[in-house]
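A closer look at the structure
This is what each chain is made of:
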There are 4 protein chains.
Amino acid sequence: MSSSFGKLFRVSTYGESHCPGVGVVVDGCLPGMSLTEPDIQCQLDRRRPGQSALSTDRQESDRVAIQSGTERGLTLGTPISLFVPNKDQRPGDYKSMADVPRPSHADFTYQSKYGIRASSGGGRASARETIGRVCAGAIAEKMLKTALGINIVAWVSQVGQIKAPETEGLNLTRAMVDTSMIRCPDTDTAKAMEALVLKAKEEKDSIGGVVSCVCTNVPAGLGEPVFDKLEALLAHAMLSIPATKGFEIGSGFAGAQMRGSVHNDPFVVKDGRLGTTTNFSGGIQGGISNGEPIMFRVAFKPPATIGLAQETVDFQGRQATLAAKGRHDPCVAARAVPIVESMAALVLADVMLQQQARLAGMALMNQTQL
Amino acid sequence: MSSSFGKLFRVSTYGESHCPGVGVVVDGCLPGMSLTEPDIQCQLDRRRPGQSALSTDRQESDRVAIQSGTERGLTLGTPISLFVPNKDQRPGDYKSMADVPRPSHADFTYQSKYGIRASSGGGRASARETIGRVCAGAIAEKMLKTALGINIVAWVSQVGQIKAPETEGLNLTRAMVDTSMIRCPDTDTAKAMEALVLKAKEEKDSIGGVVSCVCTNVPAGLGEPVFDKLEALLAHAMLSIPATKGFEIGSGFAGAQMRGSVHNDPFVVKDGRLGTTTNFSGGIQGGISNGEPIMFRVAFKPPATIGLAQETVDFQGRQATLAAKGRHDPCVAARAVPIVESMAALVLADVMLQQQARLAGMALMNQTQL
Amino acid sequence: MSSSFGKLFRVSTYGESHCPGVGVVVDGCLPGMSLTEPDIQCQLDRRRPGQSALSTDRQESDRVAIQSGTERGLTLGTPISLFVPNKDQRPGDYKSMADVPRPSHADFTYQSKYGIRASSGGGRASARETIGRVCAGAIAEKMLKTALGINIVAWVSQVGQIKAPETEGLNLTRAMVDTSMIRCPDTDTAKAMEALVLKAKEEKDSIGGVVSCVCTNVPAGLGEPVFDKLEALLAHAMLSIPATKGFEIGSGFAGAQMRGSVHNDPFVVKDGRLGTTTNFSGGIQGGISNGEPIMFRVAFKPPATIGLAQETVDFQGRQATLAAKGRHDPCVAARAVPIVESMAALVLADVMLQQQARLAGMALMNQTQL
Amino acid sequence: MSSSFGKLFRVSTYGESHCPGVGVVVDGCLPGMSLTEPDIQCQLDRRRPGQSALSTDRQESDRVAIQSGTERGLTLGTPISLFVPNKDQRPGDYKSMADVPRPSHADFTYQSKYGIRASSGGGRASARETIGRVCAGAIAEKMLKTALGINIVAWVSQVGQIKAPETEGLNLTRAMVDTSMIRCPDTDTAKAMEALVLKAKEEKDSIGGVVSCVCTNVPAGLGEPVFDKLEALLAHAMLSIPATKGFEIGSGFAGAQMRGSVHNDPFVVKDGRLGTTTNFSGGIQGGISNGEPIMFRVAFKPPATIGLAQETVDFQGRQATLAAKGRHDPCVAARAVPIVESMAALVLADVMLQQQARLAGMALMNQTQL
């Protein structure tokens, strides 16, 4: 019962992988913002499969249509409905899987939970569900950019055991990220990563990866303690993306190995405001943004659907061999980049609005109290 | 505006570190469950400081009182209010910090967000805020145990660079965990960890750690896709605990290095139900529990408040040296164990109730449709 | 930011009166329920204008399409997206109103709130917004009927000063209600009401009315005290329908004139359960259904858009005369009947699921505690 | 599971009538507002019983204590916990009622819903539950007054069949309302009402009443269409008060008898802004405040607990006679006045914050877009 996310900037997605289409309703966008389909399509294009040899061969020419909430290119402040028809469906590809739950996929758990499940593809567990997130995220991003100048850039920092050189990513742009198919801005690493992915693909196998993300120009004060700390909302958002296994903010798991005297971020004066010399905090302290770049990393497992034969059992417990015939991604990291950016934008848009309510209310109160 | 957590099992905490007390209101506990203070006090005792040489010397003899929601030792199904008075307050310890925001603490961000902050201690960012979580978690745990037989056990699996041998923890009990001060069930590792913590303490420094947690007897079907996937709720819950920097489920970040052919968990028949031979999924697939143990890890940074002198600036940007005089934990991992267990219980209680609504509704529908 | 309603059975509507279409996403429907378009279309047909001489002449042949959430005629337990294209748009009709906020309509308040508004029709304040409610309500009704046998029937009990004879409506069916255009089941009253509406129409005026509603077979125990008392949720639901001015449950405002000795509903044994001899409570006591029929009434004002010339001012404060040229309803009561039923169904579906969670949880607990 | 109310200004109440105490947690109050107990106690004193011969003889000297969320008399922006101990308990008074559900009270429905209930008093259905609402409402009122200058005044406009002369109440103050015990500002009517209540009391009976309320200085733009229309939230809030049976906004049920040409509120220029000459809309159009006074009425039934003997049945269905021995109110209207004001304040505080988020966000966007 939880296909919605957010409190003041609230999105509700719908759609299975093989029904008429997928979509999202965005409730809470500020009124008066210019918004037309191209604002959204650009991120959707980065998400779709078939962009390169690295992803599935499926060609999904996903086109988004705005169904409500704007007029003459401006948002009305009312719910924005976005719809993307499903095309290039080949339900036949999935027939052999009807009786055999795919290992590490959601067939078994959806059947356990609902007593029924979509007969082909992954239903709501399909990667197509993320289309709605990316559409909504593009709107959130435009709002954040216009209102506060916030930038969000994600990239692939690891594939298998190949890691990109450490970078804070402060000067990265999406154009730089997109120079390689694998979306790693370090050229040499990108080539090695791509070779690794292609090797996995040839071997009908799949491989995991890590996406890093940085959000700059985030003002201090965003995040709602104590249960909606900014890092908690980001963790929630990221772990709701299919195939994710972990989330780190700032120093992350490496921070568990450190001493406080090293890990603490001392304050200094920066551009007339208080900043920190290091950023092990990842831009968040006590659940609230501190004005430094927000930096986090998300781990993606190797896709569960592989062409290699797997020994498993069917729903009745009978031994079965499964070898997926559909067209599937050998590595989701590159296509996950815009999804991670979108989920970050959804979180930031929501906490921005909540903090704006406080700031505006405080301003009203101060007028009277002075 | 977000001191509440959960949807059907909803908790609301309140209280700063140095006000009359801290507490929690638990709304949504099932009626008719036996509940008295000792059910709660046991976990609260595991959380409080001053238990051993490893933690702060502050003696907080926190005693919980049930203020509402039960009668004759049974829950009424109405909100359960729990209150723990604040004692042993020494606001004086914090005076020197009034003008200097402690590095990597929440002084600066609370001030930025609210334009005001509690003058001593950490206010809502204080570790005392977690008292409410532990109290509420004890109630959730009792409900989960009674209704479904669910067990939740957490332990310290890493301090600094010292890691305990890998274990699934399936047979661990809290008694076994509590045999060492550091709450690591492996005796040799525990000793090494404790030595490391004491060394950090002597050096007026602090050190990070990792808490692992396993939840057993969780039935298949819990978790609410797509945004409230079970791992997403757990990540949210864990990253809302103070001082956390990362969350991993199942294979976690290591999964990013793996191939799908290895990472996939093949199905087999176990005890008459479908189970998996490996558990890289960590007990969750597609956001829904699959009946296998739920396994996750949480990274804690080294506590920010240390006795060592730190160079920083005050709120006005003037150079300042800070050396905390209060009594503070050199490592939070051991005391975080019951907090991690409690947050896991809050998540599971909530998704259990949501799935019970579905199962009961489906049963009603089937009676008619047959 | 609030185009959603409900907690476990949650609906989100979208769409302005003159955009591509209106729709609704229904999240939380039980899985495995048979559902196809005709289940929904029947109520939608009762809502649409142009059904009779009593309503607007606009012909809106609204056809609903299921976009997601079902397969082979069964619900999947995932979000059900429903879309109804907008047709027969005549934006030109509204041009003269662009600069003059229509008295007692939402032009002025939307402009004040959002700084922008849909240029024609009522935008989100249009009656077309209720299409999504009716579609979602039809699904809720089917679920309530299948799971619990609940029946919901509403009718027009008053138009202007003409009131239908008092009835509890226990044996009323929708077919009986629909025998008259005005949807009053008492034939003589219906004729008088219809004459009154036609007279108002001829005079380019409009007239108010009251819709009564009864819900039977509602089991005892539904409603969530203290803030989500069943009557509070119903009041919220009903007052969210455009043009409503009042809500009464059971004795209503007449109850304010009564003595307790008369108003109290004594208990008796009925069909092996405790029932009451009278029903001034309207089927709800302490915010919880008591097993008796739930009875309430909703007041509708005369539609604001009338053909008669009205003296008013434009947005700049200049004197203006307004005479609506569009095709508008002289009385909304008849078309409001399925909307009232739908909103009642949305409320009951939500509290049913919440109580099912409790009942199922209690059953699990009792197994262990015994 | 619903003892909470509000979205950004969120209150959670707890406490049964005969447990240690009742209380409320207020999450979302703006930081930096001066707040001490006297700000709250004044309204609490107006709510408590034993104020006059008209109410129960129970003396409840309810004293509120702030447990968290303020420091040095200023709000911190963190949850404010308020506690009021229960005193003067006489559980013995209720013993005879243990087996006999009181007609039109909540004994039967709570037992049906939860399978258990508080053994004496009304548990959560007791009037003492409203203490938390009044405490929270006092905080909301102070915030509304400070930030926007909003005034909220309620009064008793009807007792039994005695109605006060119609008034918009625009110049009423609480002091004027409190000049009579019955809280009707019209002296002659007040005397007649008081006589009627005393007569009912003497006859061991009870009587209903109506409370009217006006909110002035509410700016245009508050309320969140489409499901959280301002009148819908007010209706929800009012019908969640114990013993309420109806809600009317503006013209209310009388509006159902009117023609549009009369009912429409024409716009004029007032104090440099657009206002209306009449106010049948009750200050709200399309779910959004229009700047005119918000006017509504709430119907209260005669209290269910009366001294007169009532024929009914016990939980086992055996005939029983019930005559309440406790001390109970013969009419709740006078004491309901501060409760109605408080619930109105909770609604307005919440929608004010939501609109402030929008206004502040729009201001940020405009800076960039210009």
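Each value, and the rule that gives it
Residues numbered from 1 in each chain as written. Chains lettered and ligands numbered in written order. Predicted model: local features only at pLDDT ≥ 70, side-chain atom pairs only at ≥ 80, totals over all residues. Heavy atoms only, no water. Phe/Tyr/Trp six-rings, centres within 6.5 Å; stacked < 30°, edge-to-face > 60°. Helix = DSSP H or I, 4+ residues; strand = E, 2+ residues; numbered from the N terminus. Buried < 20%, exposed > 50% of the residue type's maximum accessible area, 1.4 Å probe, protein only. Lys NZ or Arg CZ within 6 Å of the ring centre and 35° of its normal. Contact = heavy atoms within 4.5 Å. Salt bridge = Lys/Arg side-chain N within 4 Å of Asp/Glu carboxyl O. Polar contact = N/O pair within 3.5 Å; in protein donor to acceptor, adjacent residues only side chain to side chain. Nonpolar A, V, L, I, M, F, W, Y, C, P; charged D, E, K, R; others polar. Pairing = 2+ DSSP bridges. UniProt positions renumbered as here; feature names shortened; annotations may be inferred. Core = buried A, V, L, I, M, F, W, Y, C linked by side-chain atoms within 4.5 Å. Buried area = accessible area lost by both parts, 1.4 Å probe. Axes fitted to C-alpha atoms, helices over the stretch in contact; angles between N-to-C directions. Parallel < 35°, antiparallel > 145°, perpendicular 65-115°, else oblique. Left-handed = near helix turned anticlockwise from the far one by under 90°. Least-squares fit on C-alpha atoms with pLDDT ≥ 70 in both. Disulfide = S-S within 2.5 Å.

Quick look at the packing of aromatic side chains now. In total, this model carries 18 aromatic pairs over all chains according to the counting rule given. Pairing A:Phe247 with A:Phe296 gives two aromatic rings, centres 5.7 Å apart and planes at 35 degrees, and the pair type is tilted. A residue pair is termed long-range when its members are at least 10 positions apart, and A:Phe247 in strand β11 (residues 244-249) and A:Phe296 in strand β16 (residues 294-300) qualify at 49 residues. Owing to a relative accessible area of 0%, A:Phe247 belongs among the buried residues under this scheme. When the ring centre of C:Tyr114 is taken as reference, the NZ or CZ atom of C:Lys113 above it lies at 6.0 Å.

Below, the discussion takes up the interface of chain D and chain C. Contact with chain D, which involves 110 residues of that partner, is made by 109 residues of chain C. Notably, a salt bridge pairs D:Glu203 with C:Arg259, separated by 2.8 Å at the nearest N-O pair. Our enumeration of links across chain D and chain C arrives at 57 residue pairs in polar contact (both at pLDDT 80 or more). Taken together, the residues of the side of chain D that touches chain C break down into 48 nonpolar, 39 polar and 23 charged. With three bridges connecting them, strand β11 (residues 244-249) of chain C and strand β11 (residues 244-249) of chain D associate as antiparallel partners. Within β11(D), the residue paired with C:Phe247 across the bridge is D:Phe247.

Let's shift gears to the side chain of A:Ser104. Among the structural elements, A:Ser104 can be located in the loop between β7 (80-85) and α2 (107-114). Among the residues examined, A:Ser104 registers a relative accessible area of 4% and is labelled buried. Here the side chain of A:Ser104 touches B:Asp265 through a polar contact of 2.8 Å, landing on its backbone nitrogen. Once residues within four sequence positions are removed from consideration, A:Ser104 is found in contact with A:Lys301, A:Ala304, B:His263, B:Asn264, B:Asp265, B:Ser281 and B:Gln285.

Here, the residues flagged by UniProt with the feature "binding site: NADP(+)" (unreviewed entry) are A:Arg47. For A:Arg47, a relative accessible area of 0% corresponds to the buried category.

So, about the nonpolar core. The biggest cluster of nonpolar side chains holds 362 residues, and the ones touching the most others in it are A:Phe296, B:Phe296, C:Phe296 and D:Phe296. Residues within four places of C:Phe296 in sequence aside, it is in contact with C:Val211, C:Ser212, C:Cys213, C:Cys215, C:Leu234, C:Met238, C:Phe247, C:Glu248, C:Ile249, C:Val340 and C:Ala344.

Take the sheet that holds strand β4 (residues 65-66) of chain D next. Residues and elements named next belong to chain D. Reading across from one edge, β1-β2-β3-β7-β4 is the order of the five strands in this open sheet, with antiparallel pairing throughout. The sheet is open, and its two edges are formed by β1 (4-5) and β4, each paired on a single side. In this structure, strand β3 (residues 21-27) lies alongside strand β7 (residues 80-85), joined through six bridges in antiparallel fashion. Looking at β7, one finds that Val25 is bridged to Ser81.

We now examine the pattern of salt bridges. Residues and elements named next belong to chain A. In total, this model carries 80 salt bridges over all chains according to the counting rule given. In this structure, the salt-bridge partner of Asp62 is Arg47, at a minimum N-O distance of 3.7 Å. Within this pair, whereas Asp62 is found in the loop between α1 (37-47) and β4 (65-66), its partner Arg47 is found in helix α1, the two being separated by 15 residues in sequence. Asp62 sits in the buried class, given a relative accessible area of 4%.

Before going further, it helps to spend a moment on the pairing of strand β13 (residues 273-276) of chain B. Residue and element names in this part refer to chain B. Note: strand β12 (residues 267-270) against β13, four bridges, orientation antiparallel. Bridge pairing in β13 links Val268 to Gly275. Turn length for the β12-β13 hairpin, with the two strands adjacent in sequence and antiparallel, is two residues, and the turn residue Asp271 shows positive phi of about 50 degrees.

Let us look at the interface of chain A and chain B. Size of an interface: often given as the accessible area lost when the parts come together. Across the boundary between the two partners, chain A contributes 110 residues, which contact 110 residues of chain B. Here chain A and chain B share an interface that buries about 8400 Å² over both sides, 58% of which is from carbon and sulfur atoms. Summed over the shared surface of chain A and chain B, the number is six salt bridges. For the salt bridge of B:Arg259 with A:Asp205, the shortest nitrogen-to-oxygen distance reads 3.4 Å. One can count 56 residue pairs in polar contact (both at pLDDT 80 or more) joining chain A with chain B. Partitioning the side of chain A that touches chain B into residue classes produces 48 nonpolar, 39 polar and 23 charged.

Turning our eyes to something else, we now look at the packing of helix α1 (residues 37-47) of chain B against helix α3 (residues 130-148) of chain B. All names here are of chain B. With their axes 9 Å apart at the nearest point, α1 and α3 run at an angle of 135 degrees to one another. Relative to α3, the element α1 lies oblique. Of the two elements, α1 crosses α3, and the hand of that crossing is right-handed. Residues Asp39, Ile40, Gln43, Leu44 and Arg47 of α1 touch α3, and the partners they reach there are Thr130, Ile131, Val134, Cys135, Ala138, Ile139, Glu141 and Lys142. Among the residues forming the contact of α1 with α3, the class breakdown is seven nonpolar, two polar and four charged.

Further remarks concern the relation of the copies chain D and chain C. Least-squares fitting of chain D to chain C yields an RMSD of 0.0 Å, with the superposition described by an axial translation of 0.0 Å and a rotation of 180 degrees. Here the two chains are linked by the operation of a two-fold rotation axis. Taking C-alpha positions as the reference, the residue of chain D nearest the rotation axis is D:His236, at 2.3 Å. A shared binding surface is used by both copies, with 99% of the interface residues of chain D retained as interface residues in chain C.

All names here are of chain B. Among the six residues of strand β7 (residues 80-85), five are classified as buried, and the element is accordingly described as predominantly covered. Two strands pair when backbone bridges link them, and strand β4 (residues 65-66) and β7 are joined in this way by two bridges, in the antiparallel orientation. Looking at β7, one finds that Ala65 is bridged to Phe83.

Residue and element names in this part refer to chain A. According to UniProt, the "binding site: FMN" (unreviewed entry) feature falls on Arg124, Ala125, Ser126, Gly286, Lys301, Pro302, Pro303, Ala304, Thr305 and Arg327. You can see Arg124 is positioned in the loop between α2 and α3 (130-148). Polar side-chain contacts of Arg124 include one of 2.9 Å to the side chain of Ser3. Following the sequence through the fold, Ser126 ends up in the loop between α2 and α3.

Another point: the side chain of A:Arg128. The topology assignment puts A:Arg128 in the loop between α2 and α3. A distance of 2.6 Å separates a polar atom in the side chain of A:Arg128 from a polar atom in the side chain of A:Asn86.

In this structure, two copies of a chain are linked by a rotation about an axis accompanied by a shift along it. When chain A is fitted to chain B, the residual RMSD is 0.0 Å, and the transformation amounts to a turn of 180 degrees plus an axial shift of 0.0 Å. Both copies share a contact surface, since 100% of the interface residues of chain A are interface residues in chain B too.

All names here are of chain D. Of note, Ala333 is situated in helix α9 (residues 333-369). Separated by 124 residues in sequence, Ala333 and Gly209 place their C-alpha atoms 5.6 Å apart. Ignoring sequence-local partners within four residues, the contact set of Ala333 consists of Val156, Gly209 and Val211.

A separate point is the state of the cysteines. In protein structure, a disulfide is the covalent linkage between the sulfur atoms of two cysteines. All names here are of chain D. Inspection of the entire model under this criterion finds zero disulfides over all chains. Its sulfur unpaired, Cys184 is 12 Å from the next cysteine sulfur, which belongs to Cys331. The closest cysteine sulfur to the non-disulfide-bonded Cys215 is located on Cys213, 4.4 Å from its own sulfur. In this structure Cys215 comes out as buried when scored by relative accessible area, which is 1%.

Strand order in the open sheet made by the 10 strands is β9(C)-β8(C)-β10(C)-β16(C)-β11(C)-β11(D)-β16(D)-β10(D)-β8(D)-β9(D), with antiparallel pairing throughout. Across the chains shown, the open sheet's two edge strands, defined by having one partner strand only, are β9 (162-163) of chain C together with β9 (162-163) of chain D. By the bridge criterion, two bridges tie strand β8 (residues 151-159) of chain D to β9(D) in an arrangement that is antiparallel. Residue pairing in the sheet places D:Val159 in a bridge with D:Ile162 of β9(D).

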